[in-house]
Amino acid sequence: MDAKDHKKGRYASRVREVIADFFMEEGIAAPGTILSIKHVELPKRGVVIKVMVSVFPTNLTVEIEKMLHSLENKAAVFLGHHIVMRRLPIVRFVMDFGEDHRERIEQLLRSDK
């Protein structure tokens, strides 16, 4: 791993921490709901930061996805206040259905036995 990759990894980690603080401050997850930041995709040239989020229980995914989309600008400002940046980023929350699909596949495999 070269120095550039290491710096990018630290930056992504810091973005993940700040977004988690943002979720806590905004009170996005209702009691009994777990929000997990799965991955932070940093831009190569632009300023769009994609934050992959999964929700448990999965039946609340659509509701929380709408809420997160309405808070994207506020999340960008929050990041700008907590991380030194040249430009304010554009934050996009993307729902990660990978875990949900993995669980469904495991259930199907178990039912075939």
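Here the structure is a predicted model, which is why all the values come from computation and not from measurement.

Colleague: Tell me about the nonpolar core, and name the residues and values.
Modeller: Core analysis: the biggest nonpolar cluster contains 26 residues, and Ile19, Phe23 and Phe93 have the highest contact counts within it. The set of elements that each furnish at least two residues to this core consists of helix H1 (3-26), strand E1 (34-41), strand E2 (48-56), helix H2 (61-70), helix H3 (72-82) and strand E3 (90-95). Counting residues per element, this core draws most heavily on H1, at six residues.

Colleague: Any details on the sheet that holds E2? Residues and values, ideally.
Modeller: Spatially, E1-E2-E3 is the arrangement adopted by the three strands of the open sheet, whose pairing is mixed. Lying at the two open borders of the sheet, with one neighbouring strand each, are E1 and E3. Each strand axis lies, on average, 30° off the axis of its neighbour in the sheet, ignoring direction. The pairing of E1 with E2 spans seven bridges and is classified as antiparallel. Opposite Val40, over in E2, you have Val51 as the bridge partner. Across the sheet, H1 lies against E1, E2 and E3, angled at about 150° from E1, the strand it touches most. Packed on one face of the sheet, H3 meets E2 and E3 and runs near 125° to E3.

Colleague: An account of the pattern of salt bridges is needed here, citing residue identities and associated values.
Modeller: A side chain of one charge can pair with a side chain of the opposite charge if their charged atoms are brought near each other. With the rule as written, the count across this model stands at three salt bridges. Residue Glu26 is joined to Lys74 by a salt bridge in which the shortest nitrogen-to-oxygen separation is 3.1 Å. Taken together, the residues span a long stretch of sequence, with Glu26 in helix H1 and Lys74 in helix H3 at a distance of 48 residues. Residue classification places Glu26 among the partly exposed positions, given a relative accessible area of 26%.

Colleague: Quick rundown of the environment of Glu41? Include the residues and the values.
Modeller: Locating Glu41 in the fold gives a position in strand E1. By relative accessible area, which is 37% here, Glu41 ends up partly exposed. Distance in space between the C-alpha atoms of Glu41 and Val15 is 9.9 Å, their sequence separation being 26 residues. In this structure, Glu41 is in contact with Val48, Ile49 and Lys50, ignoring residues within four places of it in sequence.

Colleague: Talk me through the side chain of Glu72; I want residue IDs and the actual numbers.
Modeller: Relative to the helices and strands, Glu72 is located in helix H3. A distance of 3.0 Å separates the side chain of Glu72 from the side chain of Arg92, its partner in a polar contact. Sequence-distant contacts of Glu72, defined by excluding residues within four places in its chain, comprise Val91, Arg92 and Phe93.

Colleague: A description of H3 should follow, citing residues and the corresponding values.
Modeller: Every buried residue of H3 is accounted for by Glu72, Ala75, Ala76, Phe78 and Leu79. The arc that holds every buried residue of H3, seen down its axis, measures 160°, which confines them to one face. Among the exposed residues of H3, those pointing more than 90 degrees away from its buried face are Asn73 and His81.

Rules of the game
- Residues numbered from 1 in each chain as written.
- Predicted model: local features only at pLDDT ≥ 70, side-chain atom pairs only at ≥ 80, totals over all residues.
- Heavy atoms only, no water.
- Core = buried A, V, L, I, M, F, W, Y, C linked by side-chain atoms within 4.5 Å.
- Buried < 20%, exposed > 50% of the residue type's maximum accessible area, 1.4 Å probe, protein only.
- Helix = DSSP H or I, 4+ residues; strand = E, 2+ residues; numbered from the N terminus.
- Pairing = 2+ DSSP bridges.
- Axes fitted to C-alpha atoms, helices over the stretch in contact; angles between N-to-C directions.
- Contact = heavy atoms within 4.5 Å.
- Salt bridge = Lys/Arg side-chain N within 4 Å of Asp/Glu carboxyl O.
- Polar contact = N/O pair within 3.5 Å; in protein donor to acceptor, adjacent residues only side chain to side chain.
- Arc of directions from axis to C-beta.

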